[in-house]
Amino acid sequence: MASSRRSQALIHISFLFLLLLSHSCYAAGILGTCHFDAIYQLGDSISDTGNLIREDPLSPFARLPYGETFFKSATGRCSNGLLMIDYLALSAGTQFIHPYLEKDGLVSHGGGVNFAVAGSTALPVEILADNGVLARHKQFPQQAA
């Protein structure tokens, strides 16, 4: 019974979120009334604006069809259009946030930065593996033992 209530609540929250992000809402710039100067994003593939393809240029997200609907070129988003974070930026009246791995990504852009990387996990890969979850893990030279 409790899980049914949680599901219903999640559906209602999702509906309200989608209503907020609908075309008429973001065109009106509802979040613009809050006067946000910047957005700082942490996350995974649903909010990565290009960090993964800077880590792994051979990733499928580095080529079309990813990005072709809105940006007309591959951006590293795991979508062929905008992500939720892009709609939030539009509604807030800020620029699209740049990936931190982009050249000068941390210093040259006002409006925030995106730390999200597709495939990121909240737990160490060892704990995931112990529980039967396989995660792609790339060992960077500075981390090599």
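Right, let's walk through the structure included here. All values derive from a computational prediction rather than experimental measurement.

### Regarding the pattern of salt bridges
Tallied over the full model, the rule gives two salt bridges. Of the charged contacts, one joins Arg54 and Glu102 as a salt bridge, the two residues approaching to 3.5 Å between their closest N and O atoms. Here Glu102 lies in the loop between α4 (84-92) and β2 (112-114) and Arg54 lies in helix α3 (residues 51-55), a separation of 48 residues in the sequence. Residue classification places Arg54 among the partly exposed positions, given a relative accessible area of 35%. Residue Asp86 is joined to Arg77 by a salt bridge in which the shortest nitrogen-to-oxygen separation is 2.8 Å. Exposure remark for Asp86: the relative accessible area of 1% places this residue in the buried category.

### What about the packing of aromatic side chains?
Scanning the entire structure with this criterion turns up five aromatic pairs. Consider the rings of Phe70 and Phe71, whose centres lie 4.8 Å apart with planes at 75°: the pair is edge-to-face. We classify Phe71 as partly exposed; its relative accessible area is 23%. Judged by centre distance (5.7 Å) and plane angle (65°), the ring pair of Phe71 and Phe96 falls under edge-to-face. With a gap of 25 residues between them, Phe71 in the loop between α3 and α4 and Phe96 in the loop between α4 and β2 connect regions that are remote in the sequence. Here Phe96 falls in the partly exposed class, since its relative accessible area comes to 23%.

### Some details on the side chain of Ser79
With respect to the secondary-structure elements, Ser79 resides in the loop between α3 and α4. The exposure class of Ser79 is buried, given its relative accessible area of 16%. In contact with Ser79, other than residues within four places in its own chain, are Tyr66 and Gly67.

What counts and how
- Residues numbered from 1 in each chain as written.
- Predicted model: local features only at pLDDT ≥ 70, side-chain atom pairs only at ≥ 80, totals over all residues.
- Heavy atoms only, no water.
- Salt bridge = Lys/Arg side-chain N within 4 Å of Asp/Glu carboxyl O.
- Helix = DSSP H or I, 4+ residues; strand = E, 2+ residues; numbered from the N terminus.
- Buried < 20%, exposed > 50% of the residue type's maximum accessible area, 1.4 Å probe, protein only.
- Phe/Tyr/Trp six-rings, centres within 6.5 Å; stacked < 30°, edge-to-face > 60°.
- Contact = heavy atoms within 4.5 Å.

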